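The primary structure of each chain is shown beneath.
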Amino acid sequence: DAIYHAATLLQRARQVYCLGQGGSQVLAEDIWARFSMISTKFRTAGDSHMQAITASLMGPEDVLLFVSYSGDTMDTLRLAKENGAKVILITHYDDAPGAALADVVLLCGAQENPLDSGSIPAKLAMLFVANVLVLRYTLDNQELANLLLSRTSQALGSKLL
């Protein structure tokens, strides 16, 4: 149900920002890249200053797709919510502080201990959840998604040797 709800928010959004902090920002950029193959409304912003600016300019027609294993990055989420944006949080903890601000929480299952910060299994789990979301988004508008994937594939054809 959470995947369907998140996909619906993404479909209806004017623009979607894929954000995170530290290693989670790298994952957010990968998620953005996947969505960018089928829509120009997906964006990202790299550092915490640009993310704060982005969140402060969001409105009710926008969505923040935030990646945080711990779910404890509150500043960006709080700013986005204060401006009426919808928030989708990909995290491991359903009781994380960020979950209280999220409209949808997508949980990843990989365990990580404090000494494994940024572990590969945790990253793969978050990317798996994101991949399911991309698939759901694509299936909800399959004809258009196939057309756009074809166009972007053709555009990249000469670059893939």
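Everything in this summary refers to the structure shown in the same document. It should be emphasised that the depicted structure is a prediction, and the values quoted were computed from it without experimental measurement. Counting restarts for each chain, with residues numbered from 1 along the sequence as it is written. Selection of residues for local features in this predicted model requires a pLDDT of at least 70, selection of side-chain atom pairs for listing and counting requires 80 or more, and totals for whole chains, interfaces and linings are taken over all residues. Side-chain calculation: all heavy atoms of the structure are included, whereas hydrogens and water are not.

### Considering the overall build of the chain
Cut-off, in case you're wondering: A run of H or I in DSSP becomes a helix once it reaches four residues, and a run of E becomes a strand once it reaches two; helices and strands are each numbered from the N terminus. Radius of gyration means the value over C-alpha atoms here, while the globule rule gives 2.2 Å times the residue count to the 0.38 power. Should any heavy atoms of two residues lie within 4.5 Å, those residues are considered in contact.
Across its full length, the chain carries six helices and five strands. Here the C-alpha radius of gyration of the chain, 15 Å, is about what a compact globule of 161 residues would show, namely 15 Å. The C-alpha extent of the chain, read off along each of the three principal axes, is 45 × 35 × 30 Å. Pairs at least 24 apart in sequence give 62% of the contacts found in the chain among residues at least 6 apart.

### What to know about the packing of aromatic side chains
Note the cut-off: For Phe, Tyr and Trp, where Trp contributes only its six-membered ring, two rings pair if their centres lie within 6.5 Å, and the inter-plane angle classes them as stacked under 30 degrees, edge-to-face over 60, or tilted in between. Exposure is judged per residue with a 1.4 Å probe applied to protein chains only, and the accessible area is read against the type maximum: over 50% gives exposed, under 20% gives buried, and values in between give partly exposed.
The final tally for this structure, using the stated rule, is four aromatic pairs. Pairing Phe35 with Tyr137 gives two aromatic rings, centres 5.3 Å apart and planes at 90 degrees, and the pair type is edge-to-face. Of this pair, Phe35 sits in helix α2 (residues 23-36) while Tyr137 sits in helix α5 (residues 120-140), and the two are 102 residues apart along the sequence. Judged by relative accessible area, which is 0%, Phe35 ranks as buried. With centroids separated by 5.7 Å and ring planes inclined at 80 degrees, the aromatic side chains of Tyr69 and Tyr93 adopt a geometry described as edge-to-face. Taken as a pair, Tyr69 in the loop between β3 (62-67) and α4 (75-82) and Tyr93 in the loop between β4 (86-91) and β5 (104-107) lie far apart in primary sequence, 24 residues in all. The buried category is assigned to Tyr69, whose relative accessible area is 10%. For Tyr93, a relative accessible area of 31% translates into the label partly exposed. Aromatic rings pair up to connect Phe35, Phe42 and Tyr137 into one cluster.

### Focus on a nonpolar patch on the surface
What counts, and what does not: A patch is a set of surface residues, each over 30% in relative accessible area and not in a salt bridge, joined within 9 Å for like charges and within 5 Å for the nonpolar side chains Val, Leu, Ile, Met, Phe, Trp and Tyr. Note on areas: these come from Shrake-Rupley sampling with a 1.4 Å probe, and a residue is covered only by the protein chains present in the view. Salt bridge, as used here: a side-chain nitrogen of Lys or Arg that lies within 4 Å of a carboxyl oxygen of Asp or Glu.
Residues Met50, Ile53 and Leu57 make up a contiguous nonpolar surface patch of roughly 310 Å² in combined accessible area. Looking at the secondary structure, you find Ile53 in helix α3 (residues 48-57).

### Let's talk about the environment of Gln51
The line we're drawing: N or O atoms within 3.5 Å of each other form a polar contact, as long as, within protein, one can give a hydrogen and the other can take it, and as long as residues adjacent in sequence are counted only when both atoms are side-chain atoms.
Mapped onto the secondary structure, Gln51 falls in helix α3. Remark: the alpha-carbon pair of Gln51 and Leu19, spanning 32 residues in sequence, is separated by 7.4 Å. Other than its neighbours up to four places away in sequence, Gln51 contacts Leu19, Gly20, Gln21, Gln25, Ala45, Gly46, Phe66 and Thr76. Here Gln21 takes part through its side chain, which lies 2.5 Å from a polar atom of the side chain of Gln51.

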